[in-house]
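Tertiary structure, described
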Amino acid sequence: MNYFKQDLASLHADLVAKKMSSQELTQATFDNIKATDPKIDAFLALNEDAALEQAAKIDAAGIKDDQPLAGIPVAIKDNIVTKGLTTTAASKILANFKPVYDATATQKLADAQMVTVGKTNLDEFAMGGSTETSAFKQTKNAWDQTKVPGGSSGGSAAAVASGQVVAALGTDTGGSIRQPASFNGVVGMKPTYGRVSRWGLIAFGSSLDQIGPLTRGVKDNATILSAIAGHDDHDLTSSDQAVPDFARDLNDAASVKGLRIGLPKEFLADGVDADVKAAILAAADTYRKLGATVDEVSLPHNKYGVAAYYIIASSEASSNLQRFDGIRYGYRAQDVKNLEDVYVKSRSEGFGDEVKRRIMLGTFSLSAGFYDAYFLKAAKVRTVIINDFKAVLKDHDFIMGPVAPTPAFDLGAELQDPITMYMNDILTIPVNLAGLPGLSLPAGFSHNLPVGMQLIGRPFDESTLYKAGYVFEQNTDFHLQVPTLGGQN
Amino acid sequence: MANRINRDQVQHVASLAKLEFTEAQLDAFTPQLDDIIGLFETLSEVDTDNVEATSSVSDQLNVMREDVADNWGQSQALLKNAPDAARGFIKVPAIIDESEDN
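Residues numbered from 1 in each chain as written. Chains lettered and ligands numbered in written order. Predicted model: local features only at pLDDT ≥ 70, side-chain atom pairs only at ≥ 80, totals over all residues.

So, about helix H12 (residues 372–394) of chain A. Counted at 1.5 Å a residue, the expected span for H12 of chain A with its 23 residues is 33 Å, and the 31 Å between its end C-alpha atoms agrees. Of the residues making up H12 of chain A, those classed as buried are Tyr374, Phe375, Lys377, Ala378, Ala379, Lys380, Val381, Arg382, Ile385, Asp388, Phe389 and Leu393 of chain A. Its buried side turned inward, H12 of chain A meets helix H9 (305–320), helix H11 (353–366) and helix H14 (429–434) of chain A together with helix H2 (23–40) of chain B. (Helix = DSSP H or I, 4+ residues; strand = E, 2+ residues; numbered from the N terminus. Expected span 1.5 Å × (residues − 1). Buried ≥ 20, exposed ≤ 12 C-beta atoms within 10 Å, placed from the backbone. Contact = placed C-beta atoms within 7 Å.)

What follows covers the interface of chain A and chain B. Of the residues lining the interface, 55 residues belong to chain A; the matching set on chain B comes to 44 residues. At the level of secondary structure, the elements contributing two or more residues to the side of chain A that touches chain B comprise H9, helix H10 (339–350), H11, H12 and helix H13 (418–423) of chain A. The biggest single contributor to the side of chain A that touches chain B is H12 of chain A, with eleven residues. Taken together, the residues that form the side of chain A that touches chain B break down as 31 nonpolar, 13 polar and eleven charged. (Nonpolar A, V, L, I, M, F, W, Y, C, P; charged D, E, K, R; others polar.)

Residues and elements named next belong to chain A. The buried fraction of strand S10 (residues 438–446) is high, at seven of nine residues. In the sheet, strand S5 (residues 187–190) pairs with S10 via three bridges, with the strands oriented antiparallel. The residue of S10 that forms the bridge with methionine 189 is leucine 439. Here S10 pairs with strand S11 (residues 449–457) via eight bridges, running antiparallel. Bridging across to S11, serine 440 finds its partner in glutamine 454. Taking the residues between adjacent antiparallel strands as the criterion, S10 and S11 are bridged by two residues, where histidine 447 takes a positive phi near 50 degrees. (Pairing = 2+ DSSP bridges.)

The next point concerns unusual backbone geometry. Residue and element names in this part refer to chain A. Of the consecutive residues glycine 151 and serine 152, the connecting peptide bond is found in the cis state with omega at 10 degrees. Relative to the helices and strands, serine 152 resides in the loop between strand S3 (115–120) and helix H5 (154–161). With a phi close to 50 degrees, aspartate 41 is a non-glycine residue in the positive phi region. Among the structural elements, aspartate 41 can be located in the loop between helix H2 (22–40) and strand S1 (43–46). Phi is positive for phenylalanine 460, close to 65 degrees, though the residue is something other than glycine. Along the chain, the position of phenylalanine 460 falls in the loop between S11 and helix H15 (462–474).

Here it is as structure tokens:
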């Protein structure tokens, strides 16, 4: 069965019309993953028996018109807990962890009767931009297996790009959905902070983390976000704002006519690859031709985002990761003589280098004598960055720019150089600091590697981003190009 | 190497974080952390006089709910994740360090 060129709507139509069953689609998905994953290593674990059993139940009950996601396979990033299915956050410290509950986002997908086929690879605890800090395997870019898939949701992005699944969940603390989406030529949404419950997301930076969808098209992305969004009593930072049917207005009537778009000059500054710059300028022209205005604007403190972020995110991480102590769950070191040894040796043997680096940076930034100069200063700079966005979004409907300064880089190229790796996030990080929605979608190619465009909106205005993304898709063909891998094409 | 942080300080921060490093790891980590802290110090260029700190961007404030337990009664399932358990309890090594007990 070839479902590679299908989207959620066409799969749903086929399932309702009984042209295929959920069991057939789910089996075809596993067959496809087994054929292609030796090349890209997107998955850490497959959920084959339970998924096929769930698909059989869904088939037996029948799929109705008003169940747009029922019976369709989905992949889940492995820092989102799944009941009874090993969840590792790609860390040795959680290698054997079996959650006893589902994250709200995965529970909502299960309620919509999506079929979880497996858990995708990531940077350990989502700390990284290349999926290379995973303790278990190295995921490759779907377009070129000598390149990184981006990160930290590299497994989810590669799984969608290679046609293994039509949709996957990722998480984004500083760009971890948008940058791998960009590197793999797929669509990724980092929703507004509070739009999606973080319950069951293994916490990294709690004031920054959001769960969001990765898909091949904008409309599919909107459909999944509507399914997972909404207030949750288990996450009191989740918003009680109403959740629109984000996909509803994505049709021929959708238009960007009259919209005002801001293009920050800092987003096309030195350090941004020439092909990336050209793709974004061409996209700006596309929007102008479609009746929008695109103005040059300024986010003057953008360059301080990386420093502020690595203080704030590392501080929150150092606090969140205190729970990994070798006592109640996770890895415990052997040959320990006392309780202090359990803590120190379990953590030192269980965490990888990048996680340790961040714990150290966070602990330092929060420690006596350094708190005011580092953590508090960063929290104030965060306010300044938020104010920059507010000023631009006051008279612009959204902001456009690149997702990352470059296309996907070579495997191993930046792993030993933390600062270079951190600077890759310069265009995505400020969006998390401000809690705004950010959409990444295909906008060009550079030497046969995808280039992504980022649209940044006002709080809780994902609708405008989806509309602008959908209109862009309708007027370009970047999203129709797919990697040749495993002979799907 | 600029001395924003030295080996002793790295060692001190490691003890706060309940981590330990070998000498070789300290040799590698100290200059890396020093470089990153140098990046952090660029924030001093930003004027933040009279600027409030942001700790959350949630639109929810002081959300109250009834304190009702849900999804409880799973102690057996939870214990399966414990590295060591017996008779319904998590087992740990001696909490009192006997080497200090004299």
